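Architecture and fold: a report
Each chain is listed here by its residues.
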Amino acid sequence: MKIYKAFLVSLVVVLSGAVSAYGLSEAFKGNIYQTGKLKPTDSILRVKVGEISPDFTLSAISGERVTLSQYRGKKHVVISFVPAAWTPVCSDQWPGYAILQDLFDQHDAVLLGITVDNIPTLFAWTNQMGKLWFPVLSDFWPHGKVADTFGVLRSDGTAERAIIIIDKSGTIRYIDVNDINKRPFLESIVEELEKLKG
Amino acid sequence: MRRFVQYAVVAVVVISSLYASAAQPPTSGDVMPALKLVVPAEREHRAYLGLPSGDFFEVGQVKTDVVILEIMSMYCPFCQKEAPNLNDLYRLIEGTPKLKGRIKLIGIGAGNSPYELKVFREKYQVPFPLTPDRDFQTHLSLGEVRTPYFIGVRIEKGAARVFYSKLGGFEDAGAFLEEILRLSGLK
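First things first, this report covers the structure right here in the doc. Since the structure is predicted, the reported quantities are computational estimates derived from the model, not experimental observations. (Residues numbered from 1 in each chain as written. Chains lettered and ligands numbered in written order. Predicted model: local features only at pLDDT ≥ 70, side-chain atom pairs only at ≥ 80, totals over all residues.)

Sheets are built from strands that pair by backbone hydrogen bonding, the pairs being arranged parallel or antiparallel. Residue and element names in this part refer to chain A. Here 7 strands make up an open sheet; going across it, the order is β2-β1-β5-β4-β3-β6-β7 and the pairing mixed. In the strand order of this sheet, the two ends are held by β2 (65-67) and β7 (172-178), each with one partner. For this sheet, the mean inter-axis angle between neighbouring strands, taken without regard to orientation, is 30°. In this structure, strand β1 (residues 57-60) lies alongside strand β5 (residues 136-138), joined through 2 bridges in antiparallel fashion. In the strand pairing of β5, Ser59 is matched with Ser138. Relative to the sheet, helix α4 (residues 119-127) contacts β1, β4 (109-115) and β5, its axis offset from that of β5 by approximately 155°. In the packing of helix α6 (residues 186-195) onto the sheet, contacts are made with β3 (76-81), β4, β6 (161-166) and β7, and the angle to β7 comes to roughly 170°. (Pairing = 2+ DSSP bridges. Helix = DSSP H or I, 4+ residues; strand = E, 2+ residues; numbered from the N terminus. Axes fitted to C-alpha atoms, helices over the stretch in contact; angles between N-to-C directions. Contact = placed C-beta atoms within 7 Å.)

Next up on the list: helix α6 (residues 173-184) of chain B. All names here are of chain B. Between its first and last C-alpha, α6 extends 16 Å over 12 residues, near the 16 Å set by a 1.5 Å rise per residue. Among the residues of α6, those classed as buried are Phe176, Leu177, Ile180 and Ser184. Each buried residue of α6 sits inside an arc of 100° when the element is viewed along its axis, so together they form one side. When the buried face of α6 is taken as reference, the exposed residues oriented beyond 90 degrees from it are Gly174, Ala175, Glu178 and Arg182. (Expected span 1.5 Å × (residues − 1). Buried ≥ 20, exposed ≤ 12 C-beta atoms within 10 Å, placed from the backbone. Arc of directions from axis to C-beta.)

This part is about the pairing of strand β3 (residues 66-72) of chain B. Along any regular strand, the residues point their side chains to alternate faces of the sheet. Residues and elements named next belong to chain B. The element β3 is extensively covered by neighbouring structure, given that 7 of its 7 residues are classed as buried. Burial along β3 is two-sided: the face carrying Val66, Ile68, Glu70 and Met72 and the face carrying Val67, Leu69 and Ile71 are both buried. Taken together, the 7 bridges between β3 and strand β4 (residues 103-110) define a ladder with parallel strand orientation. Note that in β4 the partner of Val66 across the bridge is Ile103. With helix α3 (residues 77-94) bridging β3 and its parallel neighbour β4, the resulting β-α-β unit is right-handed. As judged from the 6 bridges shared by β3 and strand β6 (residues 149-156), these two strands associate in the antiparallel manner. Its bridge partner lying in β6, Val66 is registered against Arg154. (Right-handed = clockwise from strand over helix to strand, strands pointing away.)

Looking now at the sheet that holds strand β7 (residues 159-167) of chain B. All names here are of chain B. Overall, mixed pairing links the 5 strands, which are arranged β5-β4-β3-β6-β7 in an open sheet. Looking at the sheet topology across the chains shown, the edges are occupied by β5 (130-133) and β7. Ignoring strand direction, the axes of neighbouring strands in this sheet form an average angle of 25°. Here α3 sits on the sheet in contact with β3 and β4, set at roughly 160° to β4.

Residue and element names in this part refer to chain B. Orientation of α3 relative to α6, taken along the N-to-C sense of each, is 60°, at an axis distance of 9 Å. When the axes of α3 and α6 are compared, the pair comes out oblique. With respect to the hand of their crossing, α3 and α6 are arranged in right-handed fashion. Each of Asn85, Asp88, Leu89, Leu92 and Ile93 in α3 lies in contact with α6, whose residues at this interface are Ala173, Gly174, Phe176 and Leu177. For the contact of α3 with α6, the class distribution of residues is 6 nonpolar, 2 polar and 1 charged. (Parallel < 35°, antiparallel > 145°, perpendicular 65-115°, else oblique. Left-handed = near helix turned anticlockwise from the far one by under 90°. Nonpolar A, V, L, I, M, F, W, Y, C, P; charged D, E, K, R; others polar.)

Here we take up the nonpolar core. Counting residues in hydrophobic clusters, the biggest one holds 92 residues, and the most contacted among them are Ile164(A), Val67(B), Leu69(B) and Val153(B). Excluding anything up to four places from it in sequence, Val67(B) contacts Val59(B), Val62(B), Lys104(B), Ile106(B), Val153(B) and Ile155(B). (Core = buried A, V, L, I, M, F, W, Y, C linked by C-beta atoms within 7 Å.)

Before going further, it helps to spend a moment on unusual backbone geometry. Across residues other than glycine, the phi torsion is negative in most instances, and most of the peptide bonds are trans. For the peptide bond that leads from Trp141(A) to Pro142(A), omega is -10°, which places it in the cis range. Looking at where Pro142(A) falls in the secondary structure, it is placed in the loop between β5 and α5 (145-150). For the peptide bond that leads from Thr147(B) to Pro148(B), omega is 0°, which places it in the cis range. Assignment of secondary structure puts Pro148(B) in the loop between α5 (137-141) and β6. One non-glycine residue, Gln125(B), lies in the positive phi region at around 55°. Its location among the elements puts Gln125(B) in the loop between α4 (114-124) and β5.

What follows concerns the environment of Leu100(A). Residues and elements named next belong to chain A. Summarising the element assignment, Leu100 is placed in the loop between α2 (94-97) and α3 (101-106). A residue is classified by how many C-beta atoms lie within 10 Å of it, and Leu100, with 20 of them, is buried. Expressed as a C-alpha distance, the spacing of Leu100 and Phe134, which sit 34 residues apart in the sequence, is 9.7 Å.

Keep in mind that these numbers describe shape and distance, not what the molecule does.
Printed below as a string of structure tokens:
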């Protein structure tokens with residue numbers, strides 16, 4: 001009987017989890033793949049706050065190659081890892097960052113958006129978001145190598161929904177591996193950037 | 001087995017209620033669902049809505065004849081694109097003596113924090129109230145609509161009834177206002 005009870009309770013919990021925690025813009029029409037509720041986090045960090053960040057170079061959808069260390073001594077860097085293109089919460093995250101260039105400029109910071117999708121997929125997806133001012137980088141091949149270096153590559157090959165802030169000296173100052181099913185609130189990023197002022 | 005059936009019935013009822021709560025968007029003629037909206041922090045916006053003191057309000061409490069709700073988000077590209085049109089609509093209403101005070105606009109930020117709405121407001125110079133729906137509860141009550149989504153509500157004797165419910169923005173504030181006036185019965 002306990003097995004029956006546990007099964008039914010599990011069923012209720014799983015189905016109640018199907019109630020979403022994201023909004024979807026009409027900009028994406030019906031083209032978003034519904035992932036359902038996922039395990040909140042599914043990786044083990046390989047970096048810590050206070051360490052020098054591992055360096056990397058990735059291709060952007062603009063065609064340029066972007067290297068983390070090119071910002072050393074010049075800008076703070078906010079890395080936004082998102083799990084996958086054309087999925088609900090990810091499609092409800094970067095479009096907000098599209099209107100924040102002034103805010104990042106005020107904090108002497110740049111934003112790098114990274115997913116493990118390939119360039120053509122990222123190109124098509126981000127075209128639906130309007131004009132993005134920040135580099136959108138592909139960590140497709142070797143698959144998820146940069147995400148894995150930071151310890152935010154999930155067991156299914158997608159990335160975590162993570163924010164990593166690196167200061168001008170290349171030191172990691174903030175790591176937030178967010179619940180993949182929820183978008184991190186903007187104020188958590190801005191509060192950390194405020195701490196880097198001066 | 002009898003016990004299992006009892007548990008199964010309970011599970012079905014609970015699941016059904018959960019899905020019933022994941023409502024459909026309101027349609028024209030419906031009574032507006034009871035929404036617990038956050039009272040705006042800005043004094044001028046509380047005055048604009050004519051709200052009594054308190055932390056939350058319902059649409060039917062707004063001192064006006066018609067409320068236009070926009071379900072929006074700082075994270076929605078079309079809402080960003082639509083923002084200037086909403087500002088035009090607000091100015092058109094406020095600049096028409098016969099309409100000023102009779103139609104009020106409210107943006108509901110689906111999944112947005114007060115800070116995120118502040119950023120949106122400053123970016124687009126939004127003159128009307130934006131209320132946060134941080135945990136998507138209002139969005140859920142309104143059928144998890146895509147954004148932007150507009151709901152027109154007629155308020156008479158404290159009762160709020162939907163007369164307009166539509167996905168997507170409008171390109172011309174004047175034409176949209178004409179439609180609102182016609183459908184609401186204000187004209």
